[in-house]
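Architecture at a glance
If you want the building blocks of each chain, they are given just below.
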2 protein chains.
Amino acid sequence: MSQEMEHCQQQLKEKGYKFTNQRKTIIEILLSSQKHLLTAGQIYDETRQKNLPLNYSTVYRNLETLLESGLVKRVSLQDGTASYEYNRHRHHHHLICLKCHDAEMIDYCPYEDINRYIKEHTTFYPVEHRFEIYGYCEKCRKNMKRD
Amino acid sequence: MSQEMEHCQQQLKEKGYKFTNQRKTIIEILLSSQKHLLTAGQIYDETRQKNLPLNYSTVYRNLETLLESGLVKRVSLQDGTASYEYNRHRHHHHLICLKCHDAEMIDYCPYEDINRYIKEHTTFYPVEHRFEIYGYCEKCRKNMKRD
DNA sequence: ATTTGTGCAAAGAGTTTGCAACCAT
DNA sequence: ATGGTTGCAAACTCTTTGCACAAAT
């Protein structure tokens, strides 16, 4: 079992959750997918492709559990769909392609400037932030040029 | 009819849409609500409170129409719900309260810095961005202290 | 008069829940 | 053994669609 998996097992244990095969499957899918963000549906489909079919309710319930355990993060995108990523504990944001819907990570975060602005101009107490850039990835731009 | 309304009428006309009472109702609700962002459901409820009840499909279809005409903007929030605001054509972002779910606008936008970063570090072509801060508004903080 | 828009009802997507059987610890 | 977990089916929420009738231009 990979080091990453060991970590997951331990993390679940700490929260009183079991390390079931279904959870393992979901984590493996998140870890190995080329896509950086996966929807519940994509994860569901992937379990079938892997011949480890899970029920939809199992997928949803476990994503919730993994979220609570801090093992995955949820991002809900502009179009209202929720996507999940394995939590690599490094703060980042996403560049999301409007064509292929895949995401790249960027380390850039405008938080500090924002925070200063909010403190100076408002009475709001910030807790978290959400920041995404939508556009076109290199691959899709090349494909578009070709057509 | 208010100047804002005249503008809406004209804008719809330009796109070949009619200026129906139902659309007027929705625009009025968006213009007059204390909340800065309203969900389709909240708009639906409000039409009943105003004794100008609209059907859900009318609400959804017209929000789509108003969106196309550039009269409203849609923001889909962290929890996956879509909210709408009257488009005041001034670029801004939102401070969204995790308790009362109301939103404040801020003029601050990190776009320029982001854009520079993306150009320098990636091959991504940015088109639009999404940026929200979640936290607690003054009113809710005061209420919490009291309890 | 024409064309778009409305209300109704029904269908669709995505997600959640109750329950009996099951499995990890 | 036992308490969390699964699969199934059904429910639920939010949103969309087809259609006949109504309203705006």
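Scroll up for the structure.
Keep in mind it's a predicted model, so treat the numbers as computed, not measured. (Residues numbered from 1 in each chain as written. Chains lettered and ligands numbered in written order. Predicted model: local features only at pLDDT ≥ 70, side-chain atom pairs only at ≥ 80, totals over all residues. Heavy atoms only, no water.)

Bringing the sheet that holds strand E1 (residues 38-39) of chain A into the picture now. Residues and elements named next belong to chain A. The antiparallel open sheet is built from three strands, whose spatial order is E1-E3-E2. Bordering the open sheet on either side are E1 and strand E2 (72-76), each of which pairs with just one other strand. Of the pairings in the sheet, the one linking E2 to strand E3 (residues 82-86) comprises five bridges and is antiparallel in character. Directly across from Val 72, in E3, lies its bridge partner Tyr 86. Each of E1, E2 and E3 is contacted by helix H2 (residues 21-32), which is oriented at about 85 degrees to E3, the strand it contacts most. (Pairing = 2+ DSSP bridges. Helix = DSSP H or I, 4+ residues; strand = E, 2+ residues; numbered from the N terminus. Contact = heavy atoms within 4.5 Å. Axes fitted to C-alpha atoms, helices over the stretch in contact; angles between N-to-C directions.)

The full set close to DNA strand C counts 16 residues, and Tyr60(A), Lys18(B), Thr20(B), Arg23(B) and Thr58(B) are the nearest of them. Ser57(B) is positioned with one of its side-chain polar atoms (N or O) 3.2 Å from a base nitrogen of DNA strand C. Between Asn62(B) and DNA strand C, the recorded distance is 3.2 Å, taken from a side-chain N or O atom to a phosphate oxygen. Among the secondary structure elements, those contributing two or more residues to the surface near DNA strand C are helix H4 (56-68) of chain A together with helix H2 (21-32) and helix H4 (56-68) of chain B. (Near = heavy atom within 4 Å. Polar contact = N/O pair within 3.5 Å; in protein donor to acceptor, adjacent residues only side chain to side chain.)

This part takes up the protein's contact with DNA strand D. Residues in close proximity to DNA strand D total 17 residues, the closest being Lys18(A), Thr20(A), Arg23(A), Thr58(A) and Tyr60(B). Counting only the atoms of DNA strand D within 4 Å of the protein, the fraction contributed by sugar and phosphate is 60%. Arg23(A) places a polar side-chain atom, nitrogen or oxygen, 2.3 Å from a phosphate oxygen of DNA strand D. A distance of 3.0 Å is found between a base oxygen of DNA strand D and a side-chain nitrogen or oxygen belonging to Arg61(A). Of all the elements in the fold, those that place two or more residues in the surface near DNA strand D are H2 and H4 of chain A together with H4 of chain B. At four residues, the largest contribution of residues to the surface near DNA strand D is made by H4(A).

Between the two copies, chain B and chain A, the superposition gives an RMSD of 0.1 Å; the rotation angle is 180 degrees and the shift along the axis is 0.0 Å. Seen this way, the second copy is the image of the first under a two-fold rotation axis. In this assembly, 100% of the residues forming the interface of chain B have copies in chain A that are likewise at the interface, indicating an isologous arrangement. (Least-squares fit on C-alpha atoms with pLDDT ≥ 70 in both.)

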